[in-house]
Amino acid sequence: MTLAHEAQRRRTFAIISHPDAGKTTLTEHLLLLGGAIHEAGRVKARGEARRARSDWMKIEQERGISVTSAVMTFEFHDAIFNLLDTPGHEDFSEDTYRTLTAADSAVMVIDAAKGIEAQTRKLFEVCRLRDIPIMTFVNKMDREARDPFEIVDEIADQLQLDVAPMSWPVGQGLNFRGVYDLYKDEFSVFGKDGERISSAEMVARLRPEEKDKLDEDVELVKAGLSHFDAASYREGHLTPLFFGSALKNFSVRDLLAHLAEHAPPPRAQSAKEKVVHPADEEVSGFVFKVQANMDPNHRDRVAFVRLASGRFRRNMKLTQSGTAKTIGVHNPILFFAQSRETVDEAYPGDIIGIPNHGVLRVGDTLSESGKLVFTGIPNFAPEILRRVRLSDPMKQKHLARALTSLAEEGVTQVFKPQIGSYWIVGVVGPLQLDVLKSRLRAEYGLDVELEQAPYDTARWISGSDADIEKFLDGNRGGMAADRDGAPVFLAKSAWELGYVADKNPGIKFAKTRERA
Ligand code: G4P
């Protein structure tokens, strides 16, 4: 098959939701439909583990599990799906945001009793920033749910989206009877494995009052709500919406079929100086996630690369932007729900894992020519800074190696102040501190305390050589280097940052640093 055709049938997507809305359950049923797993309950442990913090850490330390879940590949209706996992807990938002840079579309899962929740909204905003189109699955219709019109209005108002219901529910909770397909004039019966009947048969099955209510609703929906429009969906203005139950595998197939038919294939990616199209011959991709120590005995690292163009073949050589290092990719990995396999070929939209020893970093571009640099994969500003105190001060060197290595995964940031011997770590959410501590102990045998740091905020600085020189002279006490040696100013307070910025108009203070 041609490169263009292979790229065209890829669907790389992520599921966004608030914890407990049903992401894990939906994932499981998508994988079942795609033949990637064969019984329900396999992915389950993760959902539960996420809710219990101690369990979560245990699971996370058994590296294998979270790795196979980083991306899962399956087929359905001649489309090849790459489902990216986004960690559910809000503390992992940085990781989640990065993962969304590798997705071409998203499915938003909403709990029918709760509507839009905080985490859903945050993730939605990231999708909007990147114009990622979204399909919506209103889950748990088999339980007490809110009025469907209310849910639709809430999505439309709060997210400023046109909402196009694809089907409309009859009843909810114990009285949930099924959904009426607004486009095919058919009815899916709840509880009968999604049995589809004609609207004529439906009349015989529903109670008269149910039928009357449905007629009334459908009239309102058709007159007042948007119709599905593929172009508007792909532009991110309209969300098709399904009512269902992930747990009872109801409406999941309709959602998946709609994804296969309408979700966008790999997008063109902006690079410095040009736009890269999936069907371009040159193989290219970018690293959106690095995971270290999947096997603690080997100190290995796997870089997750989202392919952007060309037909990738095993053993080919790719060059890293920035360093111009060339890497022979001999053991690229493709991820399935329960296994990892070496791949011989991969296409735009696919995610391959490249084992390496710390050469590849989040944000790196890989390409055959070495000339491409993709833009737009930022580092997020750490909001919490802590000073690392070792219980055994003889292990300073060991600590330096461990911190740098964990920072290369891109989730924790490390800063080495110019003055003093303590390292400073920065994270986006407090749970990451616990994870960091426990990983330092489990993977490196280091006991540390993470103490209150004398700093409040970190800013990457840039400016002309002369301006930087002048700035350094006056502010050496707050200067540090990030893991790549880039200069960072650690301010004691927002007030200090404002003051210093006023005094140094030639210096730019950035919350994030895009790797060049
Ligand atoms: P998450 O990954 O988004 O955090 O959610 P997850 O799938 O783990 O689902 C959270 C809870 O909601 C689970 O119940 C799950 O069984 C339930 N659930 C998911 N989809 C549906 C649905 O369509 N209908 C109903 N009724 N429940 C649903 P739990 O009680 O926390 O776990 P368990 O004890 O049932 O295993």
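Below is a summary of the structure that appears in this document. (Residues numbered from 1 in each chain as written. Predicted model: local features only at pLDDT ≥ 70, side-chain atom pairs only at ≥ 80, totals over all residues.)

Brief notes about the nonpolar core
Working step 1: If you look at the biggest cluster of nonpolar residues, it comprises 127 residues, and the most contacted ones within it are Ala106 and Val305.
Working step 2: Sort the elements by how many residues they give to this core and strand 15 (residues 301-309) lands first, with 6 residues.
Working step 3: With residues near it in sequence (within four places) discarded, Ala106 still touches Phe13, Ala14, Ile15, Ile16, Cys127, Ile132 and Ile134. (Core = buried A, V, L, I, M, F, W, Y, C linked by C-beta atoms within 7 Å. Buried ≥ 20, exposed ≤ 12 C-beta atoms within 10 Å, placed from the backbone. Helix = DSSP H or I, 4+ residues; strand = E, 2+ residues; numbered from the N terminus. Contact = placed C-beta atoms within 7 Å.)

Considering the environment of Val302
Working step 1: Looking at where Val302 falls in the secondary structure, it is placed in strand 15.
Working step 2: Along the backbone, Val302 and Glu409 are 107 residues apart, and their C-alpha atoms lie at a distance of 9.2 Å.

Some points on the environment of Arg386
Working step 1: Along the chain, the position of Arg386 falls in strand 24 (residues 384-390).
Working step 2: Among the residues examined, Arg386 registers 23 C-beta atoms within 10 Å and is labelled buried.
Working step 3: Here the alpha-carbon distance between Arg386 and Thr457, two residues 71 residues apart in the chain, equals 11 Å.
Working step 4: When near neighbours in sequence (up to four residues on either side) are disregarded, Arg386 contacts Val425, Leu433, Leu450, Glu451 and Ala453.

What about the packing of helix 13 (residues 396-407) against helix 14 (residues 431-444)?
Working step 1: It is the contact of helix 13 with helix 14, at a shortest axis distance of 11 Å, that shows an interaxial angle of 120°. As the angle between them shows, helix 13 and helix 14 are arranged oblique. Considering how the two elements wind past one another, helix 13 and helix 14 form a crossing that is right-handed. Contacts between helix 13 and helix 14 involve His398, Ala402 and Leu406 from the first element and Leu436, Arg439, Leu440 and Tyr444 from the second.
Working step 2: The residue makeup of the contact of helix 13 with helix 14, split by class, is 5 nonpolar, 1 polar and 1 charged. (Axes fitted to C-alpha atoms, helices over the stretch in contact; angles between N-to-C directions. Parallel < 35°, antiparallel > 145°, perpendicular 65-115°, else oblique. Left-handed = near helix turned anticlockwise from the far one by under 90°. Nonpolar A, V, L, I, M, F, W, Y, C, P; charged D, E, K, R; others polar.)

As for the sheet that holds strand 4 (residues 105-111)
Working step 1: Strand order in the open sheet formed by 7 strands is 2-3-1-4-5-11-6, with mixed pairing between adjacent strands. Sheet topology places strand 2 (71-76) and strand 6 (162-165) at the edges, where each strand pairs with a single neighbour. This sheet shows a mean twist of 30° between the axes of neighbouring strands, independent of strand direction.
Working step 2: Strand direction decides the pairing type here: strand 6 and strand 11 (residues 238-243), joined by 4 bridges, are parallel. Note that in strand 11 the partner of Ala164 across the bridge is Pro240.
Working step 3: Sitting on the sheet, helix 7 (residues 118-129) is in contact with strand 1 (10-17), strand 4 and strand 5 (134-139), with an inclination near 145° to strand 1. (Pairing = 2+ DSSP bridges.)

Let's talk about the sheet that holds strand 8 (residues 178-181)
Working step 1: Ordered in space as 7-8-9-10, the 4 strands form an open sheet in which the pairing is antiparallel. A strand with exactly one partner marks an edge of an open sheet, and here the two such strands are strand 7 (167-170) and strand 10 (196-198). Pairs of neighbouring strands in the sheet enclose a mean axial angle of 30°, with direction left out of account.
Working step 2: Bridge analysis of strand 7 against strand 8 gives 4 bridges, and the strand direction is antiparallel. Residue pairing across strands places Val170 opposite Gly178, the latter belonging to strand 8.

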